[in-house]
Amino acid sequence: VCQNAARLWALSNGSRVIAFSTRGGRSYTGNLAIVDEADHVPDLAVFLNAIKPTVDGGGKLFLVSTSDKRRPLSTFKNLFRAALKNEKIVNRREPIGADPNEASALSSNSSFLSPSPAGDYRAVFLPWHAHPGRSLAWHERVKAEMFAQRGSHDDFYAEYPATPEEALAPEQLDRRIPYDWLKAVVEEMPGVFRSPFVGQQPPAIPGLTVYEPPHPGRRYVIGADPAEGNPNSDESAACVLDAESWAQAATLAGKLEPGLFAHLLGETAAYYNQADVLVERNNHGHSVIRALAEAGTARVLDGYDGRPGWLSNLKGKLLLYDALAQAVRDGACRVRCAETAAQLASIEASTLRAPVGLHDDRADAFGLAVAALVYGHGQGRPSTVAPASDPLQAMDRSREW
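All values derive from a computational prediction rather than experimental measurement. (Residues numbered from 1 in each chain as written. Predicted model: local features only at pLDDT ≥ 70, side-chain atom pairs only at ≥ 80, totals over all residues. Heavy atoms only, no water.)

Remarks on the overall build of the protein chain
So, point 1. In terms of helices and strands, the protein chain carries 12 helices and 11 strands.
So, point 2. In the protein chain, buried positions account for 51% of the 401 residues.
So, point 3. Within the protein chain, residue pairs in contact and separated by at least 24 positions form 62% of the contacts whose partners lie at least 6 positions apart.
So, point 4. Counting only carbon and sulfur atoms, one obtains 53% of the accessible surface of the protein chain, whose full area is about 18900 Å². (Helix = DSSP H or I, 4+ residues; strand = E, 2+ residues; numbered from the N terminus. Buried < 20%, exposed > 50% of the residue type's maximum accessible area, 1.4 Å probe, protein only. Contact = heavy atoms within 4.5 Å. Areas by Shrake-Rupley, 256 points an atom, 1.4 Å probe, with all protein chains shown as cover.)

Here it is, written out as structure tokens:
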């Protein structure tokens, strides 16, 4: 029986399906609530606070949507990122999928899911090829057609992503490191908990994620981006790169104040065969450089100006991201951390920073580690010569190690 077909569908067994606008849904109790195109709903957080109590008695809530590329920090994306992180890190399994007609979805079932960083939500991602009628030829044809409209793949990745990263990546029209370059060097992998090398088990360092344990006799470098370390500041972040393969071996990140960050950097450097450290010499970086020098736990490399650390002024930012962009474009490096990859994809070409509201601490740390390889010289010694004016020449020089 249909009553007011625009909003109510009543079945003979007493069940009802009711359609609401994004301003409705209060004062109802249901077994299932579905919010379609949730990433395009204005004030989704306010709407969810009204609709979620309707299923808190054991029902299910699904948020289903394609990606709104204009809002990289939307409520939907934040919930999806948190749920996706929980799926991969806490449960150690990949997201599952169900509906082939949507790019991504969030489901909540308060009756059986355990608490997680995303509350009761689970991440479900559906790639473009989940639809049985889509071939590779179809994919290439539609991708070319949509690129011709604006000179960007943003709209295609919003509607037909192959990975969660494509769906979540911000608009690429003003990005220093295009996502098409970046995805070729991303090798996302979980952290390593045991080392195959005797005596090389990862230390118990808060915020340290090891993707590859140190190989005996191999050189490593660490890029470090310090922050204030209070609950409202950015993370202090560090990236460990293998000087031979330029692969991301580990990350260190957290709300760490400069003194503690320096201490943990020293422990991380010791674990990675006494790795050299290049610290951003801005604000709190001075404290970290001084603490490392006083403790003698890690060698601090000189920057392009011949002084300890890397000065991220206009010149420093340009040199840093020129070298980083070239390393990514040429496939010279490998990114193992999903958050690092996401931040690298968001860096604006005009500002060399993340868009307002997003973070770039892990991207900067990765860039600093690349700079340590590009502008460093010799076997672990701080640079004593002027860096090559062409980053390619500097990169070729560093590979002589």
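Here the narrative resumes.
As for the pattern of salt bridges
Close approach of charged atoms lets side chains of opposite charge pair.
So, point 1. Under the criterion given, the structure shown has 16 salt bridges.
So, point 2. Taking the shortest distance from any N to any O, the salt bridge between D330 and R329 comes out at 3.5 Å.
So, point 3. Take D330: its relative accessible area is 41%, and that puts it in the partly exposed class.
So, point 4. A single salt-bridge network, built from bridges that share partners, covers E187, E212, R334 and R336. (Salt bridge = Lys/Arg side-chain N within 4 Å of Asp/Glu carboxyl O.)

Some thoughts on the packing of aromatic side chains
The geometry of an aromatic ring pair comes down to the distance between the two centres and the angle between the two planes.
So, point 1. Taken as a whole and judged by the stated rule, the model has 10 aromatic pairs.
So, point 2. On the basis of an interplanar angle of 25° and a centroid distance of 6.2 Å, the ring pair of W128 and W138 is categorised as stacked. One end of the pair, W128, is in the loop between β6 (121-125) and α3 (136-150); the other, W138, is in helix α3, with 10 residues separating them in the sequence. Grouping residues by exposure puts W128 and W138 together as buried.
So, point 3. Ring pairs connect the aromatic residues W128, W138, F156, Y157, Y160 and Y179, which therefore count as one cluster. (Phe/Tyr/Trp six-rings, centres within 6.5 Å; stacked < 30°, edge-to-face > 60°.)

Thoughts on the nonpolar core
So, point 1. With 49 residues, the main nonpolar core has W310, F366 and V370 as its most contacted residues.
So, point 2. Contributing elements (two or more residues each) for this core: α3, α4 (154-159), α6 (179-182), β9 (236-242), α9 (314-329), α10 (338-346) and α11 (361-375).
So, point 3. It is α11 that provides the largest number of residues to this core, a total of 11 residues.
So, point 4. Dropping the residues within four chain positions of it, V370 is found in contact with L241, W246, A323, L324 and A327.
So, point 5. Membership of the second largest hydrophobic core comes to 27 residues, among which are A224, Y272, V277 and V300. (Core = buried A, V, L, I, M, F, W, Y, C linked by side-chain atoms within 4.5 Å.)

Quick notes on the side chain of K69
So, point 1. Structurally, the position occupied by K69 is in the loop between β4 (60-65) and α2 (75-90).
So, point 2. Here K69 sits buried without a salt bridge, and the closest side chain of opposite charge, D154, lies 5.6 Å off (N-O distance).
So, point 3. Polar side-chain contacts of K69 include one of 3.2 Å to the backbone oxygen of A167.
So, point 4. Here K69 is in contact with K77, D154, Y157, A158, E166, A167, L168, A169, P170 and E171, once residues within four sequence places are set aside. (Lys, Arg positive; Asp, Glu negative; His and termini not counted. Polar contact = N/O pair within 3.5 Å; in protein donor to acceptor, adjacent residues only side chain to side chain.)

Examining the pairing of β4
So, point 1. Taken together, the 5 bridges between strand β3 (residues 32-36) and β4 define a ladder with parallel strand orientation. When the sheet's bridge partners are listed, I34 is paired in β4 with F62.
So, point 2. Handedness of the crossover joining β3 and β4 through helix α1 (residues 44-51) is recorded here as right-handed. (Pairing = 2+ DSSP bridges. Right-handed = clockwise from strand over helix to strand, strands pointing away.)

Here's the deal with a nonpolar patch on the surface
So, point 1. Among the surface-exposed residues, W9, L11 and V17 lie close enough to one another that they form a single nonpolar patch of about 280 Å² accessible area.
So, point 2. Tracing the chain through its elements places V17 in strand β2 (residues 16-18). (Patch = residues over 30% accessible without salt bridge, like charges linked within 9 Å, V, L, I, M, F, W, Y side chains within 5 Å.)

Here's the deal with unusual backbone geometry
So, point 1. In this structure, E37 takes a positive phi of about 50° despite not being glycine.
So, point 2. With respect to the helices, strands and loops of the structure, E37 is situated in the loop between β3 and α1.
So, point 3. Its relative accessible area of 26% is what places E37 among the partly exposed residues.
So, point 4. Phi angles above zero are rare outside glycine, and Q274 is one such case at about 60°.
So, point 5. Mapping Q274 onto the fold places it in the loop between α7 (258-271) and β11 (276-279).

Remarks on α11
So, point 1. Here α11 is 15 residues long and its end C-alpha atoms lie 20 Å apart, about the 21 Å a rise of 1.5 Å per residue gives.
So, point 2. Counting buried residues in α11 gives 15 out of 15 residues, a clear majority hidden from the surface. (Expected span 1.5 Å × (residues − 1).)

Regarding the sheet that holds strand β8 (residues 220-225)
So, point 1. As summarised here, the arrangement of the 5 strands in space is β7-β10-β9-β8-β11, forming an open sheet in which the pairing is mixed. Strands at the two margins of the open sheet, each flanked by one partner only, are β7 (208-210) and β11. Adjacent strand axes in the sheet meet at a mean angle of 15°, parallel and antiparallel pairs treated alike.
So, point 2. α7 rests against β7, β8, β9, β10 (248-254) and β11 of the sheet, and its axis sits at about 165° to β8. (Axes fitted to C-alpha atoms, helices over the stretch in contact; angles between N-to-C directions.)

Re the packing of α10 against α11
Think of two packed helices as two axes; the pair is described by the angle between the axes and how far apart they sit.
So, point 1. Taken N-terminus to C-terminus, the directions of α10 and α11 make an angle of 95°; their axes are 7 Å apart at the nearest point. Relative to α11, the element α10 is oriented roughly perpendicular. Contacts between α10 and α11 involve E339, T340, Q343 and L344 from the former and D361, R362, A363 and F366 from the latter.
So, point 2. Classifying every residue of the contact of α10 with α11 gives 3 nonpolar, 2 polar and 3 charged. (Parallel < 35°, antiparallel > 145°, perpendicular 65-115°, else oblique. Nonpolar A, V, L, I, M, F, W, Y, C, P; charged D, E, K, R; others polar.)

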